[in-house]
Amino acid sequence: MSDFGSMLFVFVLATFIGLGVIRRVSRLLYTPLMSLTNAISAIAVVGSIVVTGADHPLTIRILGAVALFASMTNIVSGFMITDRMLKMFKKQ
Amino acid sequence: MHLIGELSAVLATALFIFALYWMNDPKTARRGVIAGVVGMTVAVLATWIQPEIIHHGWIVGAIAAGFIVGVPLSRVPLTAVPQRTALSHAFGGLAAGLVGTAEYFLWRGGSATAEMTHFRMSALAAEVILGFLTFTGSLMAAGKLQEVRWIPQRPVTYPGQNVVNIGVLAIAVALGVAVALYPGAPWAPQAFLGIAALALIFGVLLIIPIGGADMPTVISILNAYAGLSAVAMGFVLDSKLLVTAGALDGSSGLILSIIMCRAMNRSFTNVLFGAFGKAQPALATGEQKEWKQETVEGAAQLLEQARSVVIIPGYGMAVAQAQHKVRELYDALTKRGITVKFAIHPVAGRMPGHMNVLLAEANIPYSALVEMDEINPEMPQTDVALVLGANDVVNPAARYNKGTPIYGMPIIDADKAKTVLAVKRSKNPGFAGIDNELYVQDNTWMLFGDAKAVLGELVKQFGGGGIH
């Protein structure tokens, strides 16, 4: 149960940090903000790597590989399109 | 090895927080992307080098496939960014749902290392529900935004819809509770698959009654769900990094949802269960006023004689890809010493911040982009308000007409400008299906046609005007 407590603790603190930081984000940048947070939450990729790469039954690894592909797509397209949009704001 | 994992998770978390922190100013924002990429790379490598990972070929293959699909997805035209965003929420949800399913069957098969506590099983059920409903819901949203032919654009409603929707979700949650209480029961795997199937169905049902005007809010809410599904996955996998990153994503989605709801004067429940934009009974107005059409020449004259012009862009500008023509007009007017500002309504377009990005693409300085609350006090002194493919966000009926679904929604006070020029694609009402009385006001002149074509004609009147 201690593990439940500490995880919940992390969740609550992280949410407060998130609310505090996001509230200050420039209104101009809401669209890139969404693609950036989306890329960041694709950190779920670490879960997919373990499911795909460890010595598991084939069906499990297939599920993992599809999840890994989905997360990786988000990471690549999320960071790249965020940067592309931010470049447009920066050059002014 | 364990220490490396822990340290890299702390480093990645810190970098992610900095990434979002730097988004508070366009000048520092690009640093945020670098921080995010570094954090992600560290986390991926630290996971990959763990000794239990043996099937490297599989990982390389899936990552390569991710690049093959991801790179073109990052190069879509900026008008298609809302669909891409919805699609990425779908991918996020899919990953969470699939990993959750895999984790459960691993545990059933006896090859999971962690013990299946009631808590972990509840988190697993939540992960699968949130993940799969985000997957199909976001796919539907992306389809609506992309105007895929077999997905209806207009809200689809039927009697008892809310009962059906809530019923489907309630059964999924009830099954989730049952599985959390008895994860090892012989019926549990079937129940688990049932949860997944119901969540997939619920995602579709949730989005079909939602219309285009609500898309900014819905995308934000799906963003929050995608974040929460990552949090649930973090609980299942005992990963503080995942919980933190998911919470950052979730709180971002939450804040954007609140801002979007406020900008439409609606509540979450109202957006999700209110079926905005369904056919409204025609408002009984005593006399049917006529619009007054203006020629391009006349409009150009009006603009030329103005000292201050406020341009109010909406989805129509995005659809017509007119942002570069807007820039040319902006150049032509500012060269004549006319002050030009852009009034940005929070829900203009199809996702939060959509107009800002489109105008930035056309090199319009962001100092000229003004939020609704700041521009409204200036509207009565404005000589010309140029409404460009915006509709509901400038409809004065929102102020007083309780019969319209947009009643109470804060609007840009275009009607208070000395003269209003409205560019409109067709004579049909906007997404919300409401007549806009701004168009029949005494000081309003209409320019019918595609925003890009009309602006092109206007710019020609100024002798080419633009620098591009």
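Given the structure is predicted, the values throughout are model-derived calculations rather than measurements.

A short note on the overall build of chain B
Thought 1: When you go through chain B residue by residue, the secondary structure sums to 17 helices and 6 strands.
Thought 2: Here the C-alpha radius of gyration of chain B, 25 Å, is about what a compact globule of 468 residues would show, namely 23 Å.
Thought 3: Taking the principal axes of its C-alpha atoms as reference, chain B extends roughly 80 × 50 × 35 Å.
Thought 4: Out of the 468 residues belonging to chain B, those deemed buried represent 53%.
Thought 5: Residue pairs at least 24 apart in sequence account for 80% of intrachain contacts in chain B once pairs closer than 6 positions are excluded.

A short note on the interface of chain A and chain B
Thought 1: At the interface, 77 residues of chain A touch 92 residues of chain B.
Thought 2: Of all the secondary structure elements, the ones that give two or more residues to the side of chain A that touches chain B are helix H1 (2-23), helix H2 (30-41), helix H3 (45-53) and helix H4 (58-90) of chain A.
Thought 3: Here the element with the most residues in the side of chain A that touches chain B is H4(A); it accounts for 29 residues.
Thought 4: The class makeup of the residues in the side of chain A that touches chain B is 47 nonpolar, 21 polar and 9 charged.

Considering the domain arrangement of chain B
Residues and elements named next belong to chain B.
Thought 1: Along its sequence, chain B is carved into domain 1 (1-69), domain 2 (79-273) and domain 3 (296-461).
Thought 2: Between domain 1 and domain 2, the C-alpha centre-to-centre distance is 24 Å.
Thought 3: On the side of domain 2, 5 residues touch domain 1, which itself brings 6 residues to the contact.
Thought 4: It is helix H1 (residues 2-21) that contributes the most residues to the side of domain 1 that touches domain 2, 5 residues altogether.
Thought 5: Split into classes, the residues belonging to the side of domain 1 that touches domain 2 amount to 5 nonpolar, 1 polar and no charged.

So, unusual backbone geometry
All names here are of chain B.
Thought 1: At glutamine 321, a position not held by glycine, the phi torsion is positive, near 55°.
Thought 2: Here glutamine 321 lies in the loop between helix H12 (315-319) and helix H13 (323-335).
Thought 3: We note that asparagine 363 has phi near 65°; this positive angle belongs to a residue other than glycine.

A short note on the environment of Leu36(A)
Thought 1: Of note, Leu36(A) is situated in helix H2.
Thought 2: When the C-alpha positions of Leu36(A) and Ala54(A) are compared, they lie 29 Å apart, and in sequence the two are 18 residues distant.
Thought 3: Those residues in contact with Leu36(A) that sit more than four places away from it in its chain are Gly78(A), Thr82(A), Ala19(B), Met23(B), Gly32(B), Val33(B) and Gly36(B).

Details of the sheet that holds strand S6 (residues 444-448) of chain B
Residues and elements named next belong to chain B.
Thought 1: Across the sheet, 6 strands lie side by side as S3-S2-S1-S4-S5-S6; this open sheet has parallel pairing. Each edge of the sheet is formed by a strand with only one pairing partner; in this case those strands are strand S3 (369-371) and S6. Here the strands of the sheet are splayed against their neighbours by 25° on average, with no regard to which way each runs.
Thought 2: With 3 bridges joining them, strand S2 (residues 339-344) and S3 adopt parallel strand pairing. Counted as the bridge partner of alanine 343 is valine 370 from S3.

Overview of the packing of helix H4 (residues 81-108) of chain B against helix H8 (residues 215-237) of chain B
Residue and element names in this part refer to chain B.
Thought 1: Relative to each other, H4 and H8 sit at 25°, their axes nearing to 9 Å. Of the possible angle classes, the one that applies to H4 and H8 is roughly parallel. For the pair H4 and H8, the sense of crossing is left-handed. Contact residues: H4 offers Pro82, Thr85, Ala86, His89, Gly92, Gly93, Ala96, Val99, Gly100 and Glu103, while H8 offers Met215, Ile219, Leu222, Asn223, Ala226, Ser229, Ala230, Met233 and Val236.

Description of helix H14 (residues 354-361) of chain B
Residues and elements named next belong to chain B.
Thought 1: Summarising burial for H14: 7 of the 8 residues are buried, a large majority.
Thought 2: Within H14, the full set of buried residues consists of His354, Met355, Asn356, Val357, Leu358, Leu359 and Ala360.
Thought 3: In the segment just after H14, asparagine 363 is the residue with positive phi, at about 65°.

Things to note about the confidence of the model for chain B
All names here are of chain B.
Thought 1: Taken as a whole, chain B shows an average pLDDT of 88; of its residues, 93% reach a score of 70 or greater.
Thought 2: The low-confidence segment residues 276-286, where pLDDT is below 50, has 20 contacts with residues more than four positions distant or belonging to other chains.
Thought 3: Across the interface, the model reports ipTM at 0.95; the global pTM reads 0.90.

Scoring rules and cut-offs
Residues numbered from 1 in each chain as written. Chains lettered and ligands numbered in written order. Predicted model: local features only at pLDDT ≥ 70, side-chain atom pairs only at ≥ 80, totals over all residues. Helix = DSSP H or I, 4+ residues; strand = E, 2+ residues; numbered from the N terminus. Rg over C-alpha atoms; globule rule 2.2 N^0.38 Å. Buried ≥ 20, exposed ≤ 12 C-beta atoms within 10 Å, placed from the backbone. Contact = placed C-beta atoms within 7 Å. Nonpolar A, V, L, I, M, F, W, Y, C, P; charged D, E, K, R; others polar. Domains from an automatic or database assignment. Pairing = 2+ DSSP bridges. Axes fitted to C-alpha atoms, helices over the stretch in contact; angles between N-to-C directions. Parallel < 35°, antiparallel > 145°, perpendicular 65-115°, else oblique. Left-handed = near helix turned anticlockwise from the far one by under 90°. pLDDT = per-residue confidence, 0-100.

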